[in-house]
Amino acid sequence: MAKNLLIVLGSTVVVILILYKVFSPGTSTEGSDLIVAAKKGKFKVEIMTTGELRAQRSVKVMGPQRAREFRLSQLKVEQIVDEGTVVKEGDFIASLDKSDLFGKVSDAQGKLDQVKSQYEQTQLDTALSLRQERDNLINLNYQVEEQQLVLDQSQYEPPATIKQYEYNVEKAKRDLRQAEENYKIKFNQAVAKMAEVAATLRKEEREFKQMEAMLDEFTIYAPQDGMVIYENGWDGNKVGPGSSISAWSPVVATLPDLSSMLSITYVNEVDIRKVKVGQKVELGMDAFPEKKLSGRVIRVANVGQQRSNSDAKVFEVTILVNENDPVMRPAMTTSNNIVAEELAEAVYVPLEAVHVESDSINYVLLNNGTKQEVKLGLSNSNEVVIQKGLNSGDRVYLSTPKWNRDRPVKLLQELDGRREEEMLDHGVTQLR
């Protein structure tokens, strides 16, 4: 009987010890996630986004840029290298169908031959006409000399006869002067006519030579080193073999300069105020998780936009990647950690460890059961800086146990009466 009583008493003591261990406010549940220690060290406020790689500089690979001048509206792609091909300056990229241009060249050749023939005919007609006019001038000049000779030999003739001879001389001279004036007019007409025909000939020759030169432009070579990225055509589809490009914008592809890359990302309107030009960025690549890159923000959009399938407004942020890695390719996905703010040393705890009472008092629950008011500093998505009220290594609860909910908060004397003002001055958001 005594033995059984001792067993019962012993069991009761064990149960009491277990209950005390569990519910005692002064004990820490080691191995439990309910209690954590305040940490001290470097603290970062990071904004995590997903971005897409893009070349900072790129060159458009153009087809014939004067095709529309020769009434070519669409240019068909015969061959083009595979998208993503890395090329050197001068390497072959694409060739275009020359059939339509060959027809234009043939028509231009026929028209040029016709204009050449017209030029030669005009030249002959002009030479013949002017020669006839010159012969006429010579004959008229002879007539003047002949009539003058008759007049000179008529000194013994009757006055009426002499008068007739004088009239004949004047008439011959007048005819000569008129012929000379007519010759000048016809000469100027001939010069103008030849200039007109010559201008037409030069125009046709120039157009023909341009068409011939444009035949070479239907074979397209790389203007610089880079990677071939197909361009979207006029119909919205990517340019490829068999597709057509517009003569108004004959872009076949682009050659991004892979030596300098950007990550284009979007930050929601809640966090955009934290992002500034010059901030450091830690980047990763989904395709190469082992790669760790760095960068800096070089542009923050002033105007937001609405992304498809989302009601939230976002702002475009451009990040310049510091490294030049050959594995980087346009359109690759990047993970971006924008370091908005950074403290070299701070005491911080998880956000879950901070609670709010009376809408203005932030506090933590120490493992000894004390509700300790704290002054908050910077926060990120997981943790918050404790400026006052907590030391490194202090252990706090992540949640408030039921047995402690009605206890009063131990206030910080230096915050008494100035809590709302402090929060507004430092831009600290209350944690609820």
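On a predicted model such as this, the values are computed, not experimentally measured, just so you know.

A. Here's a closer look at the overall build of the chain. Scanning the chain from terminus to terminus reveals four helices and 24 strands. Every one of the 432 residues in the chain was classed for burial, and the buried ones make up 36%. Carbon and sulfur atoms make up 50% of the accessible area of the chain, which amounts to about 26300 Å² in all.

B. Seen up close, the sheet that holds strand β9 (residues 229–230). In spatial order, the strands read β3-β11-β9; together these three strands make up an open sheet with antiparallel pairing. What marks the edges here is a single partner per strand, and that holds for β3 (58–62) and β9. As defined by bridge partners, β3 adjoins strand β11 (residues 251–256) across five bridges and the pair is classed as antiparallel. Paired with S58 across the strands is P256, a residue of β11.

C. Spatial organisation of the sheet that holds strand β18 (residues 354–357). Spatially, β18-β19-β20-β24 is the arrangement adopted by the four strands of the open sheet, whose pairing is mixed. The two strands at the open ends of the sheet, each matched to only one other strand, are β18 and β24 (409–410).

D. Spatial organisation of the pairing of strand β14 (residues 292–300). When strand β13 (residues 280–285) meets β14, the two strands line up antiparallel, connected through five bridges. Paired with E282 across the bridge in β14 is S294. If you look at the hairpin formed by β13 and β14, you'll find six residues sitting between the two strands. Looking at chain direction, β14 and strand β16 (residues 313–321) are connected through five bridges and run antiparallel. Each residue of the ladder has a partner; that of R299, found in β16, is T318.

E. Up close: the nonpolar core. Counting residues in hydrophobic clusters, the biggest one holds 33 residues, and the most contacted among them are I93, V228 and V252. Among the elements of the structure, β4 (74–80), β6 (92–96), α2 (99–152), α3 (159–217) and β11 are those that each provide at least two residues to this core. Not counting residues up to four positions away in its chain, the partners in contact with I93 are V61, Q79, I80, V81, I220, Y221, A222, V228 and L255. Of all hydrophobic cores here, the second largest spans 27 residues; its members include V45, I47, L53 and M261.

F. Geometry of the confidence of the model for the chain. Mean pLDDT over the chain works out to 83, with 88% of the residues at or above the 70 mark. Counting contacts from residues 18–33, a segment whose pLDDT is below 50, to residues more than four positions away or on other chains yields 21 contacts. In the model, residues 422–432 has pLDDT below 50 throughout and makes 23 contacts with residues more than four positions away in sequence or in other chains.

G. Examining the packing of aromatic side chains more closely. This model, assessed by the stated rule, comprises three aromatic pairs. Taken together, a centroid distance of 6.5 Å and an interplanar angle of 80 degrees make the contact between F92 and Y221 edge-to-face. In this pair, F92 sits in strand β6 while Y221 sits in strand β7 (residues 219–221), placing the two residues 129 residues apart along the sequence. F92 gets classed as partly exposed once you look at its relative accessible area, which sits at 33%. When its relative accessible area of 46% is taken as the criterion, Y221 is described as partly exposed.

H. Focus on the pattern of salt bridges. Overall, the coordinates contain 16 salt bridges when judged by the stated rule. Here D271 makes a salt bridge to K274, at a shortest N to O gap of 3.7 Å. The partly exposed category is assigned to K274, whose relative accessible area is 27%. The salt bridge partner of K371 is E357, with a shortest N-O separation of 3.7 Å. In this pair, K371 is assigned in strand β20 (residues 371–373) and E357 in strand β18, connecting sequence segments 14 residues apart. Residue classification places E357 among the partly exposed positions, given a relative accessible area of 25%. Residues joined in a network through salt bridges with shared partners are K111, K203, E204 and E207.

I. Representation of the pairing of strand β21 (residues 375–379) within the structure. In this structure, β21 lies alongside strand β22 (residues 383–388), joined through three bridges in antiparallel fashion. Along β22, the bridge assignment pairs L376 with I386. Between β21 and β22, which follow one another and run antiparallel, lie three residues.

J. Fine view of the side chain of K371. Judged by relative accessible area, K371 falls into the buried class, the value being 2%. There is a polar contact of 3.1 Å between the side chain of K371 and the backbone oxygen of R407. Not counting residues within four places of it along the chain, the set of residues in contact with K371 comprises E357, Y363, V364, L365, N404, R405, D406, R407, P408, V409 and K410.

K. Region of the structure containing unusual backbone geometry. Phi angles above zero are rare outside glycine, and A331 is one such case at about 80 degrees. Among the secondary structure elements, A331 is positioned in the loop between β16 and β17 (333–350).

L. Quick peek at the side chain of N337. Turning to its location among the elements, N337 is positioned in strand β17. Ignoring sequence-local partners within four residues, the contact set of N337 consists of E46, I47, M48, K280, V281 and E282.

M. Layout of the packing of α2 against α3. Packing of α2 against α3 brings their axes to within 8 Å, and their N-to-C directions diverge by 165 degrees. When the interaxial angle is binned, α2 and α3 end up roughly antiparallel. The hand of the α2/α3 crossing is left-handed. A class-by-class count of the residues in the contact of α2 with α3 yields 30 nonpolar, twelve polar and 13 charged.

About the cut-offs
Residues numbered from 1 in each chain as written. Predicted model: local features only at pLDDT ≥ 70, side-chain atom pairs only at ≥ 80, totals over all residues. Heavy atoms only, no water. Helix = DSSP H or I, 4+ residues; strand = E, 2+ residues; numbered from the N terminus. Buried < 20%, exposed > 50% of the residue type's maximum accessible area, 1.4 Å probe, protein only. Areas by Shrake-Rupley, 256 points an atom, 1.4 Å probe, with all protein chains shown as cover. Pairing = 2+ DSSP bridges. Core = buried A, V, L, I, M, F, W, Y, C linked by side-chain atoms within 4.5 Å. Contact = heavy atoms within 4.5 Å. pLDDT = per-residue confidence, 0-100. Phe/Tyr/Trp six-rings, centres within 6.5 Å; stacked < 30°, edge-to-face > 60°. Salt bridge = Lys/Arg side-chain N within 4 Å of Asp/Glu carboxyl O. Polar contact = N/O pair within 3.5 Å; in protein donor to acceptor, adjacent residues only side chain to side chain. Axes fitted to C-alpha atoms, helices over the stretch in contact; angles between N-to-C directions. Parallel < 35°, antiparallel > 145°, perpendicular 65-115°, else oblique. Left-handed = near helix turned anticlockwise from the far one by under 90°. Nonpolar A, V, L, I, M, F, W, Y, C, P; charged D, E, K, R; others polar.

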